[in-house]
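Summary of the model geometry
The lines below spell out each chain.
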Amino acid sequence: RYSGQDEMIIGGASPGRDPGELAGAMGNFENPLALRMDLSADPNFLELQSRAGTVFLGATAHAGLPFSEVLKEVRPGHELRGNPFFNVVVSQLPQGVRAAEVSSGSFMEDLKFSFEVHGEQPCGAITYATDLFDRTTITEMVQHLQNLLTGACEDPAKRVSELRIMSANERNRIVSGWNDTRAA
């Protein structure tokens, strides 16, 4: 919703450990995935969820090819500060791993959304590039995401463009407060 684009590429991850290869190695081995999301025709949330699932399954079918090999073949012609294919990553943390509520730091992507489920309670973390975002912006972004997901749960057949991201107070502040042109 922030970008207003009909297409975007977000990062994801697939398990990068071949059962035979690296079987005795410890650590979290993942292959990054570039996921091209199609938002054209203003899909409803259920439709977008279905599209995302199809894209993810298609990408994981080719996950055996190491990311470094993809990079050699594609050779992106532009220089980015980090990952050459995407600046935003969405991932699900492995079972039993807990993330901080909001954290910051230096890494390859501008934003990383990490989600986890403990029992029936979903939670997550956002890691962000502190040279691009401040804590206030990220906190507002989290609230917008919560509002959007709440609206999607209440009415999953609603078009994504129609889902509310701002709270009533924020919308009132922006629409009425900031546009108040009366002389003080």
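Here's what I pulled together on the structure shown here.

Rules of the game
- Residues numbered from 1 in each chain as written.
- Predicted model: local features only at pLDDT ≥ 70, side-chain atom pairs only at ≥ 80, totals over all residues.
- Heavy atoms only, no water.
- Buried < 20%, exposed > 50% of the residue type's maximum accessible area, 1.4 Å probe, protein only.
- Helix = DSSP H or I, 4+ residues; strand = E, 2+ residues; numbered from the N terminus.
- Pairing = 2+ DSSP bridges.
- Contact = heavy atoms within 4.5 Å.
- Core = buried A, V, L, I, M, F, W, Y, C linked by side-chain atoms within 4.5 Å.
- Expected span 1.5 Å × (residues − 1).

**Remarks on the pairing of strand β3 (residues 88–92)**
Every second residue of β3 is oriented toward a common face, the buried set being Val-89 and Ser-91 and the non-buried set Val-88, Val-90 and Gln-92. Strand direction decides the pairing type here: β3 and strand β5 (residues 111–118), joined by five bridges, are parallel. In the strand pairing of β5, Val-89 is matched with Lys-112.

**Points about the side chain of His-144**
By secondary structure assignment, the location of His-144 is in helix α3 (residues 135–154). We classify His-144 as buried; its relative accessible area is 10%. If we ignore the near neighbours within four places in the chain, the residues touching His-144 are Tyr-2, Ile-165, Met-166 and Glu-170.

**A word on the nonpolar core**
Counting residues in each nonpolar core, the largest one holds nine residues, listed as Ile-10, Leu-33, Leu-35, Met-37, Leu-39, Leu-48, Ala-59, Ala-63 and Val-160. In terms of residue count, the dominant contributor to this core is strand β2 (residues 30–38) (three residues). Aside from chain neighbours lying at most four places away, what touches Leu-35 is Met-8, Ile-9, Ile-10, Gly-11, Gly-12, Val-55, Phe-56 and Ala-59. Core analysis: the next-biggest nonpolar cluster, separate from the first, contains seven residues, Ile-126, Tyr-128, Phe-133 and Met-141 among them.

**Topic: the pairing of strand β6 (residues 121–128)**
Across eight bridges, β5 lies against β6 in antiparallel orientation. Across the sheet, Val-117 pairs through a bridge with Pro-122, a residue of β6. Adjacent in sequence and paired antiparallel, β5 and β6 are bridged by two residues, among which Gly-119 carries a positive phi angle near 65°.

**Structural notes on the environment of Thr-150**
The topology assignment puts Thr-150 in helix α3. Judged by its relative accessible area of 38%, Thr-150 is partly exposed.

**A look at α3**
Between its terminal C-alpha atoms α3 stretches 29 Å, which fits the 28 Å expected from 20 residues at 1.5 Å a residue. Buried within α3 we find Ile-138, Met-141, His-144, Asn-147, Leu-148, Gly-151 and Ala-152. Close packing links the buried residues of α3 with α1 (45–61), β5, β6 and α4 (168–177).

**Comments concerning the environment of Val-74**
Looking at where Val-74 falls in the secondary structure, it is placed in helix α2 (residues 67–74). Residue Val-74 is classed as partly exposed on the basis of its relative accessible area, which comes to 47%.

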